[in-house]
Amino acid sequence: MGLLGDELAFGRALTAPEYESVMALGRRKEYPADAPLLTEGDRTGHVVIVLRGWVTVSLTTDRGATRLILGLRGPGELLGEMAALDNHPRSATVRALGAVEAAVIGGDAFRRFLATHPRVSGLVIRQLTFRLRSADQERSALASLTVLQRLASRLTELSRVAPSGPYAPAAPGPGRANAVVHLAQDELAATVGATREAVAKALRLLRTQNVVRTGTRMVEILDPALLALLAEGHRE
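This write-up is about the structure you can find in this document. Bear in mind the structure is a predicted one, so any value in this text is a computation, not a measurement.

Remarks on unusual backbone geometry
Logical step 1: Although it is not a glycine, Asn87 adopts a positive phi angle of roughly 60°.
Logical step 2: With respect to the helices, strands and loops of the structure, Asn87 is situated in the loop between helix 3 (81-86) and strand 6 (93-105).
Logical step 3: The exposure class of Asn87 is exposed, given its relative accessible area of 63%.
Logical step 4: Even without glycine at this site, Arg217 takes up a positive phi of about 50°.
Logical step 5: Judged by relative accessible area, which is 44%, Arg217 ranks as partly exposed.

Here's the deal with the packing of helix 6 (residues 147-158) against helix 9 (residues 224-232)
Logical step 1: Following both chains from N to C, one finds helix 6 and helix 9 inclined at 135°, their axes separated by 7 Å at the closest point. Judged on the interaxial angle alone, helix 9 and helix 6 are oblique. For the pair helix 6 and helix 9, the sense of crossing is left-handed. Packed against helix 6, whose contacting residues are Gln149, Ala152, Ser153, Leu155 and Thr156, the element helix 9 presents Leu227, Ala228, Leu230, Ala231 and Glu232 at the interface.
Logical step 2: The class makeup of the residues in the contact of helix 6 with helix 9 is six nonpolar, three polar and one charged.

Conventions we followed
- Residues numbered from 1 in each chain as written.
- Predicted model: local features only at pLDDT ≥ 70, side-chain atom pairs only at ≥ 80, totals over all residues.
- Heavy atoms only, no water.
- Helix = DSSP H or I, 4+ residues; strand = E, 2+ residues; numbered from the N terminus.
- Buried < 20%, exposed > 50% of the residue type's maximum accessible area, 1.4 Å probe, protein only.
- Axes fitted to C-alpha atoms, helices over the stretch in contact; angles between N-to-C directions.
- Parallel < 35°, antiparallel > 145°, perpendicular 65-115°, else oblique.
- Left-handed = near helix turned anticlockwise from the far one by under 90°.
- Contact = heavy atoms within 4.5 Å.
- Nonpolar A, V, L, I, M, F, W, Y, C, P; charged D, E, K, R; others polar.

Shown next as C-alpha coordinates:
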(Lines give C-alpha, C1' and ligand atoms only; values in the text may rest on other atoms or scores of the structure.)
Protein backbone atom coordinates (compact mmCIF):
# COMPACT_ATOMS: atom_id res chain seq x y z
CA MET A 1 0.00 0.00 0.00
CA GLY A 2 1.17 3.51 -0.71
CA LEU A 3 -0.43 6.84 0.15
CA LEU A 4 2.43 9.17 -0.72
CA GLY A 5 3.39 10.48 -4.14
CA ASP A 6 6.34 9.68 -6.35
CA GLU A 7 9.65 10.08 -4.51
CA LEU A 8 10.70 12.62 -7.18
CA ALA A 9 7.79 15.04 -7.49
CA PHE A 10 7.07 16.73 -10.82
CA GLY A 11 8.27 20.17 -9.73
CA ARG A 12 11.55 18.83 -8.36
CA ALA A 13 12.17 16.80 -11.51
CA LEU A 14 12.17 19.91 -13.71
CA THR A 15 15.34 21.74 -14.65
CA ALA A 16 15.62 25.35 -13.48
CA PRO A 17 14.66 26.78 -16.92
CA GLU A 18 11.76 24.32 -17.21
CA TYR A 19 10.52 25.21 -13.74
CA GLU A 20 10.60 28.94 -14.51
CA SER A 21 8.76 28.38 -17.79
CA VAL A 22 6.07 26.26 -16.16
CA MET A 23 5.54 28.78 -13.35
CA ALA A 24 5.18 31.56 -15.92
CA LEU A 25 2.17 29.75 -17.41
CA GLY A 26 -0.07 30.33 -14.42
CA ARG A 27 -0.64 32.23 -11.22
CA ARG A 28 -0.03 31.55 -7.56
CA LYS A 29 -2.99 31.04 -5.27
CA GLU A 30 -3.33 30.46 -1.53
CA TYR A 31 -5.89 28.08 -0.01
CA PRO A 32 -6.98 27.93 3.65
CA ALA A 33 -7.19 24.65 5.54
CA ASP A 34 -9.84 22.24 4.22
CA ALA A 35 -10.45 24.29 1.05
CA PRO A 36 -10.87 22.27 -2.18
CA LEU A 37 -8.25 22.81 -4.87
CA LEU A 38 -10.03 20.40 -7.26
CA THR A 39 -13.47 18.80 -6.90
CA GLU A 40 -14.58 15.34 -8.00
CA GLY A 41 -17.01 15.52 -10.93
CA ASP A 42 -16.11 19.06 -12.01
CA ARG A 43 -15.39 19.66 -15.68
CA THR A 44 -12.63 22.20 -15.13
CA GLY A 45 -9.39 21.57 -17.01
CA HIS A 46 -6.66 23.43 -15.13
CA VAL A 47 -3.79 21.81 -13.26
CA VAL A 48 -2.22 22.79 -9.95
CA ILE A 49 1.32 22.36 -8.65
CA VAL A 50 1.66 22.37 -4.86
CA LEU A 51 4.29 24.90 -3.78
CA ARG A 52 3.79 24.90 -0.02
CA GLY A 53 1.79 22.67 2.30
CA TRP A 54 0.07 19.31 1.85
CA VAL A 55 -3.21 18.12 0.36
CA THR A 56 -5.36 14.98 0.42
CA VAL A 57 -6.64 13.27 -2.71
CA SER A 58 -9.95 11.52 -2.07
CA LEU A 59 -13.09 10.18 -3.69
CA THR A 60 -16.55 9.39 -2.42
CA THR A 61 -17.85 5.83 -2.14
CA ASP A 62 -21.18 4.18 -1.31
CA ARG A 63 -23.18 6.90 -3.04
CA GLY A 64 -21.31 9.63 -1.22
CA ALA A 65 -21.74 8.19 2.26
CA THR A 66 -18.03 7.66 2.92
CA ARG A 67 -14.73 9.12 1.77
CA LEU A 68 -11.65 7.19 0.70
CA ILE A 69 -8.33 9.02 0.87
CA LEU A 70 -6.25 7.90 -2.09
CA GLY A 71 -3.12 9.92 -1.47
CA LEU A 72 -1.21 12.67 0.28
CA ARG A 73 0.59 15.16 -1.93
CA GLY A 74 3.17 17.74 -0.92
CA PRO A 75 5.43 20.40 -2.43
CA GLY A 76 6.28 19.86 -6.10
CA GLU A 77 3.37 17.52 -6.84
CA LEU A 78 1.35 18.05 -10.03
CA LEU A 79 -2.40 17.51 -9.67
CA GLY A 80 -5.35 17.54 -12.06
CA GLU A 81 -3.36 16.46 -15.10
CA MET A 82 -5.79 13.70 -16.14
CA ALA A 83 -8.72 16.09 -16.66
CA ALA A 84 -6.40 18.53 -18.43
CA LEU A 85 -5.30 15.83 -20.88
CA ASP A 86 -8.51 13.90 -21.56
CA ASN A 87 -11.21 16.55 -20.97
CA HIS A 88 -13.20 14.22 -18.68
CA PRO A 89 -14.71 15.15 -15.28
CA ARG A 90 -12.41 15.25 -12.28
CA SER A 91 -11.92 11.76 -10.84
CA ALA A 92 -11.10 12.89 -7.28
CA THR A 93 -11.22 15.79 -4.84
CA VAL A 94 -8.03 17.54 -3.73
CA ARG A 95 -8.35 19.32 -0.37
CA ALA A 96 -5.90 21.45 1.59
CA LEU A 97 -4.35 20.17 4.82
CA GLY A 98 -3.57 23.41 6.57
CA ALA A 99 -2.58 26.45 4.54
CA VAL A 100 -1.52 25.62 0.97
CA GLU A 101 0.06 27.67 -1.80
CA ALA A 102 -0.16 26.35 -5.35
CA ALA A 103 0.44 27.38 -8.94
CA VAL A 104 -2.76 27.23 -11.03
CA ILE A 105 -2.20 26.67 -14.77
CA GLY A 106 -4.89 26.62 -17.43
CA GLY A 107 -5.38 23.35 -19.30
CA ASP A 108 -4.81 24.82 -22.77
CA ALA A 109 -1.56 26.47 -21.74
CA PHE A 110 -0.37 23.31 -20.03
CA ARG A 111 -1.11 21.13 -23.08
CA ARG A 112 0.67 23.52 -25.41
CA PHE A 113 3.71 23.52 -23.14
CA LEU A 114 3.85 19.72 -23.09
CA ALA A 115 3.59 19.60 -26.90
CA THR A 116 6.76 21.65 -27.23
CA HIS A 117 8.67 20.14 -24.28
CA PRO A 118 8.90 16.35 -24.76
CA ARG A 119 11.06 15.79 -21.66
CA VAL A 120 8.45 17.43 -19.44
CA SER A 121 5.73 15.46 -21.21
CA GLY A 122 7.67 12.32 -20.32
CA LEU A 123 7.69 13.33 -16.66
CA VAL A 124 3.90 13.67 -16.71
CA ILE A 125 3.57 10.22 -18.32
CA ARG A 126 5.89 8.75 -15.66
CA GLN A 127 3.77 10.29 -12.93
CA LEU A 128 0.54 8.96 -14.42
CA THR A 129 2.07 5.49 -14.67
CA PHE A 130 3.29 5.60 -11.06
CA ARG A 131 -0.14 6.64 -9.79
CA LEU A 132 -1.95 3.98 -11.82
CA ARG A 133 0.34 1.29 -10.41
CA SER A 134 -0.18 2.67 -6.91
CA ALA A 135 -3.96 2.64 -7.40
CA ASP A 136 -3.78 -1.01 -8.51
CA GLN A 137 -1.82 -1.87 -5.36
CA GLU A 138 -4.40 -0.08 -3.21
CA ARG A 139 -7.28 -1.98 -4.82
CA SER A 140 -5.44 -5.26 -4.29
CA ALA A 141 -4.84 -4.41 -0.63
CA LEU A 142 -8.49 -3.51 -0.08
CA ALA A 143 -9.54 -6.86 -1.54
CA SER A 144 -6.98 -9.12 0.12
CA LEU A 145 -5.88 -7.61 3.45
CA THR A 146 -7.73 -7.38 6.74
CA VAL A 147 -8.44 -4.00 8.33
CA LEU A 148 -5.70 -4.71 10.89
CA GLN A 149 -3.16 -5.42 8.13
CA ARG A 150 -4.17 -2.32 6.16
CA LEU A 151 -4.01 -0.15 9.26
CA ALA A 152 -0.60 -1.54 10.27
CA SER A 153 0.69 -0.92 6.75
CA ARG A 154 -0.64 2.65 6.69
CA LEU A 155 0.77 3.54 10.11
CA THR A 156 4.14 2.10 9.10
CA GLU A 157 4.15 4.20 5.93
CA LEU A 158 3.03 7.44 7.57
CA SER A 159 5.50 7.06 10.45
CA ARG A 160 8.27 7.42 7.87
CA VAL A 161 7.04 10.68 6.33
CA ALA A 162 9.70 13.41 6.17
CA PRO A 163 9.61 16.04 8.93
CA SER A 164 7.93 18.52 6.57
CA GLY A 165 5.03 16.13 6.08
CA PRO A 166 1.63 16.59 7.71
CA TYR A 167 1.40 13.52 9.88
CA ALA A 168 4.62 12.17 11.32
CA PRO A 169 8.30 13.01 11.82
CA ALA A 170 10.83 10.70 10.19
CA ALA A 171 12.99 11.06 13.30
CA PRO A 172 11.85 11.39 16.93
CA GLY A 173 11.21 14.91 18.14
CA PRO A 174 12.70 16.45 21.30
CA GLY A 175 11.89 14.30 24.32
CA ARG A 176 10.09 11.67 22.25
CA ALA A 177 11.49 8.26 21.44
CA ASN A 178 8.86 7.13 18.93
CA ALA A 179 7.34 8.34 15.68
CA VAL A 180 3.83 9.77 15.95
CA VAL A 181 1.09 9.80 13.32
CA HIS A 182 -1.23 12.79 13.80
CA LEU A 183 -4.58 11.55 12.48
CA ALA A 184 -8.05 11.16 13.93
CA GLN A 185 -9.66 7.73 13.75
CA ASP A 186 -12.12 8.77 11.03
CA GLU A 187 -9.20 10.07 8.95
CA LEU A 188 -7.29 6.83 9.46
CA ALA A 189 -10.40 4.94 8.38
CA ALA A 190 -10.56 7.02 5.19
CA THR A 191 -6.97 6.09 4.35
CA VAL A 192 -7.57 2.34 4.60
CA GLY A 193 -11.08 2.05 3.17
CA ALA A 194 -12.69 0.92 6.44
CA THR A 195 -15.30 2.16 8.88
CA ARG A 196 -14.32 4.20 11.93
CA GLU A 197 -15.62 1.39 14.12
CA ALA A 198 -13.42 -1.21 12.42
CA VAL A 199 -10.34 1.00 12.79
CA ALA A 200 -11.15 1.66 16.46
CA LYS A 201 -11.34 -2.11 17.04
CA ALA A 202 -7.98 -2.66 15.30
CA LEU A 203 -6.38 0.12 17.35
CA ARG A 204 -7.67 -1.46 20.56
CA LEU A 205 -5.97 -4.71 19.58
CA LEU A 206 -2.72 -2.89 18.80
CA ARG A 207 -2.90 -1.10 22.16
CA THR A 208 -3.40 -4.34 24.11
CA GLN A 209 -0.28 -5.74 22.43
CA ASN A 210 1.68 -2.54 23.26
CA VAL A 211 2.29 -1.87 19.58
CA VAL A 212 0.83 1.64 19.68
CA ARG A 213 -0.39 4.26 22.12
CA THR A 214 -3.29 6.50 21.11
CA GLY A 215 -4.55 9.94 22.10
CA THR A 216 -6.50 12.80 20.55
CA ARG A 217 -5.56 12.85 16.84
CA MET A 218 -2.44 10.86 17.69
CA VAL A 219 -1.08 7.33 17.27
CA GLU A 220 2.38 6.77 18.76
CA ILE A 221 4.29 3.82 17.31
CA LEU A 222 5.77 1.86 20.24
CA ASP A 223 6.90 -1.28 18.36
CA PRO A 224 7.58 -0.47 14.67
CA ALA A 225 9.10 -3.90 13.97
CA LEU A 226 5.99 -5.77 15.13
CA LEU A 227 3.76 -3.27 13.32
CA ALA A 228 5.62 -3.99 10.08
CA LEU A 229 5.22 -7.73 10.63
CA LEU A 230 1.49 -7.31 11.16
CA ALA A 231 1.30 -5.31 7.94
CA GLU A 232 2.82 -8.24 6.08
CA GLY A 233 0.45 -10.73 7.69
CA HIS A 234 3.07 -12.61 9.74
CA ARG A 235 2.36 -14.20 13.09
CA GLU A 236 4.68 -14.56 16.05
